[in-house]
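Reading the structure
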Amino acid sequence: MKELIFALSLISLAGLTSCTSAESGVVEISVTSSMRLAIPAKGTSCYATKSALAGGTVAVPDVDEAYFVIPKITFKVADAAKDTYVSAIKIYYTPPGGTEITCAFGGDQLAALKATWWSNANKYALIPAGATDADKMTDCSIQCGGISVDAKNFSASGTIKVYGYIQDPDNDDDTTGFTATTFFTYGSQY
């Protein structure tokens, strides 16, 4: 049943662009408040790094130049007695003189953001009921790129949205969807 709910939640995310009917306050997210500085190079995602390591090869940069890093996302769950499944993380930002970019993480890309998610046989992004504080944060950084290297000395804001659902571990029918949102700043000082 959990596989079906996970698959259905991923399918339903394709059309989400704004608030949904998901219950608010079920899960909150936060990131460090300092400005994320653009790095004028290509980056290597957690997925590329972990896939290369599993295959015995060297990771190849797969994040567009120039990129910024969000070190970790911290989750605050309202009901610690329920499992929290993260279906997708989407980061929205508009570089100077550009159009909005969406940096999306789902499936294996999402699972690569936390060692326990990656090592799980089904690669679920799961924060289990009764999780410790360490279990409620990603442990691999998110990198998003595509900022023009010609854009110098700027500051802009972006949005992070996390989509998922909580579920009673003893009752697969007791689920509540959620969308959690936070903001961050990024820019360049070179």
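Residues numbered from 1 in each chain as written. Predicted model: local features only at pLDDT ≥ 70, side-chain atom pairs only at ≥ 80, totals over all residues. Heavy atoms only, no water.

Helix and strand content of the protein chain: four helices and ten strands. Overall, the protein chain shows an N-to-C arrangement of helices and strands of α-β-β-α-β-β-β-β-α-α-β-β-β-β. When each of the 190 residues of the protein chain is scored for burial, the buried share is 42%. Counting contacts in the protein chain only where the partners sit at least 6 residues apart, residues at least 24 apart contribute 75% of the total. Split by element, the accessible area of the protein chain, about 9,300 Å² in all, is 53% carbon and sulfur. (Helix = DSSP H or I, 4+ residues; strand = E, 2+ residues; numbered from the N terminus. Buried < 20%, exposed > 50% of the residue type's maximum accessible area, 1.4 Å probe, protein only. Contact = heavy atoms within 4.5 Å. Areas by Shrake-Rupley, 256 points an atom, 1.4 Å probe, with all protein chains shown as cover.)

Bringing the nonpolar core into the picture now. In this structure, Ile 89, Ile 91 and Ile 160 are the most contacted members of the largest nonpolar core, which totals 40 residues. Those residues within four positions of Ile 160 in sequence are excluded, and the remaining contacts are Ile 29, Val 31, Ile 70, Ile 73, Ile 89, Lys 90, Ile 91, Ala 180, Thr 181, Thr 182 and Phe 184. (Core = buried A, V, L, I, M, F, W, Y, C linked by side-chain atoms within 4.5 Å.)

What follows is about unusual backbone geometry. For Lys 123, which is not a glycine, the phi torsion comes out positive at approximately 55 degrees. Residue classification places Lys 123 among the partly exposed residues on the basis of a relative accessible area of 22%.

Summed over the entire model, instances satisfying the criterion amount to ten aromatic pairs. Note on Phe 154 and Tyr 186: the rings are 5.9 Å apart at their centroids and 80 degrees apart in plane angle, and the pair reads as edge-to-face. Separated by 32 residues along the polypeptide, Phe 154 in strand S9 (residues 154-168) and Tyr 186 in strand S10 (residues 171-188) bring together distant segments of the chain. The buried category is assigned to Phe 154, whose relative accessible area is 11%. In textbook terms, an aromatic cluster arises when at least three aromatic residues are bridged by ring pairs, as seen for Phe 68, Tyr 93, Phe 154, Phe 184 and Tyr 186. One cation-aromatic arrangement involves Lys 123 over Trp 118; the distance from NZ or CZ to the ring centre is 4.3 Å. (Phe/Tyr/Trp six-rings, centres within 6.5 Å; stacked < 30°, edge-to-face > 60°. Lys NZ or Arg CZ within 6 Å of the ring centre and 35° of its normal.)

Glancing now at the state of the cysteines. On inspection of all chains with the given rule, the structure shows two disulfides. There is a disulfide in this structure between Cys 46 and Cys 140, and the S-S distance comes to 1.8 Å. One disulfide, between Cys 46 and Cys 140, carries an S-S torsion of -105 degrees and so falls in the left-handed class. Of the two residues, Cys 46 sits in helix H2 (residues 46-55) while Cys 140 sits in the loop between strand S7 (126-127) and strand S8 (142-145), which places them 94 residues apart along the sequence. In this structure Cys 46 comes out as buried when scored by relative accessible area, which is 6%. Take Cys 140: its relative accessible area is 18%, and that puts it in the buried class. The partner cysteine of Cys 103 in its disulfide is Cys 144, sulfur to sulfur 2.3 Å. (Disulfide = S-S within 2.5 Å.)

To continue, consider the confidence of the model for the protein chain. Averaged over all residues, the pLDDT of the protein chain equals 85, while 86% of them reach at least 70. pLDDT under 50 marks residues 1-23. Its contacts with residues more than four places away, or in other chains, come to 36 contacts. (pLDDT = per-residue confidence, 0-100.)

A word on the pattern of salt bridges. Pairing between side chains of opposite charge can happen when the charged atoms of each approach one another. Summed over all chains, the structure comprises two salt bridges. Asp 139 is paired through a salt bridge with Lys 114; the nearest N and O atoms lie 4.0 Å apart. With a gap of 25 residues between them, Asp 139 in the loop between S7 and S8 and Lys 114 in the loop between helix H3 (107-111) and helix H4 (115-119) connect regions that are remote in the sequence. (Salt bridge = Lys/Arg side-chain N within 4 Å of Asp/Glu carboxyl O.)

Before going further, it helps to spend a moment on H2. Taken together, the buried positions of H2 are Cys 46, Ala 48, Lys 50 and Ala 52. Positive phi shows up at Gly 56, right after H2, with a value of about 70 degrees.

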